[in-house]
Amino acid sequence: MATVMQKIKDIEDEMARTQKNKATAHHLGLLKAKLAKLRRELLTPTSKGGGGAGEGFDVTKSGDARVGLVGFPSVGKSTLLNKLTGTFSEVASYEFTTLTCIPGVIVYRGAKIQLLDLPGIIEGAKDGKGRGRQVISTARTCNCILIVLDAIKPITHKRLIEKELEGFGIRLNKEPPNLTFRKKDKGGINLTSTVTTTHLDLETVKAICSEYRIHNADINLRYDATADDLIDVIEGSRIYTPCIYVVNKIDQITLEELEILDKLPHYCPVSAHLEWNLDGLLDKIWEYLDLTRIYTKPKGMNPDYEDPVILSSKRRTVEDFCNRIHKDMMKQFKYALVWGSSVKHKPQRVGKEHELEDEDVVQIIKKV
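This structure is a prediction, so every number in the text was calculated from the model and none was measured.

A. Quick peek at the pairing of strand S3 (residues 111–117). Within S3, 6 of the 7 residues are buried, which leaves it mostly tucked inside the rest of the structure. Taken together, the 7 bridges between strand S2 (residues 102–108) and S3 define a ladder with antiparallel strand orientation. Residue Tyr108 lies in a different strand from S3, and its bridge partner there is Ala111. In textbook terms, the turn of a hairpin is the stretch between consecutive antiparallel strands, and for S2 and S3 this stretch comprises 2 residues, one of which, Arg109, has a positive phi near 50 degrees.

Structure follows, in structure tokens:
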């Protein structure tokens, strides 16, 4: 492991020494690709013998969505979990009070949201320091990440945590790169783009691909992509997660500072100890999770508004709804009656392809 760490450090040093200009773009692209490969090796050790790949925090996924609290030690992650969920996670004024992952559940607008209180991470977590690897591997499974920051500590902590998470292939508040990458059997590397590219040229692309031993591929850029975007697509193990920066302990700063913090995007100032703005935080979590609530209506009865079926906004067809209830339901599915904003008539007959909206009421009609 030490050799991989050493290689990573050497490459990072070389990248820091290299000037950024057109002549060195090709070389930097190569270094970035090497770095991404080494990082992946750190995450999944390739050795055959020995123990497993480092024990994670085994937390069973429960509820409709999973939210992880990530941050440096002693920024108030456990207090936040206690206040939001009523679960007890030990709180003390020294660092590293929480040593494993502690789950709690919030029921909010009918959805069960699992909150994970992860141990504090330290700088260098992406290179395996502290419990960093397990913390960040657990963070990869979350639908939304809350980065908890301390209002009285320097704001540079935000950059450090982002760097740690990005080193592990978690991309915060970003969309997947809009470029297609297709391997083929022969014909070399073929680069086409629909826009003028300033970062990538054929040489750089060839250098990156050769690092991954890919010699024949079609690459089509639909926007001005960087070398990092191309590496993300080739690696393919990147996770694009929404993220909220929760600034805790706002009771210890002035109003002027608070107004500046409030203008920043994706920010949510709170005070966990005094329970300030926790409702605002829950609203924001709900907005970023982007969930869709669907109410069920048994035949001849009123809709059940107590217990909605929760779907992700990316997969919310009638078929997804049926699979969420039971996997055999689609075999007996005839059509569905829908009331709500996704249809013109109340009720309207729809097939399994129909996209549902938030708070629709659905009644499934089965084959006789």
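B. The arrangement of the packing of helix H3 (residues 77–85) against helix H9 (residues 278–289) in detail. Contact geometry for H3 and H9: axes closest at 11 Å, N-to-C directions at 85 degrees. When the axes of H3 and H9 are compared, the pair comes out roughly perpendicular. For the pair H3 and H9, contact is made by Leu80, Lys83 and Leu84 and by Leu278, Leu281 and Leu282, respectively. Its residues placed into classes, the contact of H3 with H9 shows 5 nonpolar, no polar and 1 charged.

C. Region of the structure containing the sheet that holds strand S6 (residues 179–183). Taken in spatial order, the 3 strands make up an open sheet running S6-S8-S7, and their pairing is mixed. A single partner strand is all that each edge strand has here, and the edge strands are S6 and strand S7 (189–193). Strand after strand, the sheet turns through a mean of 10 degrees between neighbouring axes, direction not considered. As paired strands, S6 and strand S8 (residues 217–221) are joined by 5 bridges and run antiparallel to one another. Following the sheet pairing, Leu179 is matched in S8 by Leu221. Sheet contacts for helix H6 (residues 202–211): S6, S7 and S8; angle to S7, the most-contacted strand, approximately 135 degrees. Sitting on the sheet, helix H7 (residues 227–235) is in contact with S6 and S8, with an inclination near 50 degrees to S6.

D. Region of the structure containing the packing of aromatic side chains. In the structure shown here, the tally under the stated rule is 3 aromatic pairs. On the numbers, 5.3 Å between centres and 35 degrees between planes, the contact of Tyr245 with Tyr267 is tilted. With Tyr245 in strand S10 (residues 243–248) and Tyr267 in strand S11 (residues 267–269), this residue pair connects regions lying 22 residues apart in the sequence. According to the relative accessible area criterion, Tyr245 is buried, its value standing at 6%. For Tyr267, a relative accessible area of 6% gives the class buried. Seen from their ring centres, Tyr295 and Tyr305 are 5.0 Å apart, and the 75 degrees between their planes marks the pair as edge-to-face. One end of the pair, Tyr295, is in strand S12 (residues 291–296); the other, Tyr305, is in strand S13 (residues 304–312), with 10 residues separating them in the sequence. Classification of Tyr305 as exposed rests on a relative accessible area of 52%. In this structure, Arg349 packs its charged tip against the face of Tyr335, placed 3.6 Å from the ring centre.

E. The arrangement of the packing of H6 against H7 in detail. Two elements in contact, H6 and H7, have axes separated by 11 Å at closest approach and are oriented at 35 degrees. As H6 packs across H7, the resulting crossing turns out to be right-handed. Residues Val205, Ile208 and Cys209 of H6 pack against Ala227, Leu230, Ile231 and Ile234 of H7.

F. Here's a closer look at the sheet that holds S3. Pairing in this open sheet of 6 strands is mixed, and the strands run S2-S3-S1-S4-S10-S11 from one edge to the other. Bordering the open sheet on either side are S2 and S11, each of which pairs with just one other strand. Taken over all neighbouring pairs, the strand axes of this sheet differ in orientation by 25 degrees on average, direction set aside. When S10 meets S11, the two strands line up parallel, connected through 3 bridges. Bridging across to S11, Val246 finds its partner in Cys268. This element, helix H5 (residues 156–167), spans strand S1 (65–70), strand S4 (144–150), S10 and S11 of the sheet and lies at about 150 degrees to S4.

About the thresholds
Residues numbered from 1 in each chain as written. Predicted model: local features only at pLDDT ≥ 70, side-chain atom pairs only at ≥ 80, totals over all residues. Heavy atoms only, no water. Buried < 20%, exposed > 50% of the residue type's maximum accessible area, 1.4 Å probe, protein only. Helix = DSSP H or I, 4+ residues; strand = E, 2+ residues; numbered from the N terminus. Pairing = 2+ DSSP bridges. Axes fitted to C-alpha atoms, helices over the stretch in contact; angles between N-to-C directions. Parallel < 35°, antiparallel > 145°, perpendicular 65-115°, else oblique. Contact = heavy atoms within 4.5 Å. Nonpolar A, V, L, I, M, F, W, Y, C, P; charged D, E, K, R; others polar. Phe/Tyr/Trp six-rings, centres within 6.5 Å; stacked < 30°, edge-to-face > 60°. Lys NZ or Arg CZ within 6 Å of the ring centre and 35° of its normal. Left-handed = near helix turned anticlockwise from the far one by under 90°.

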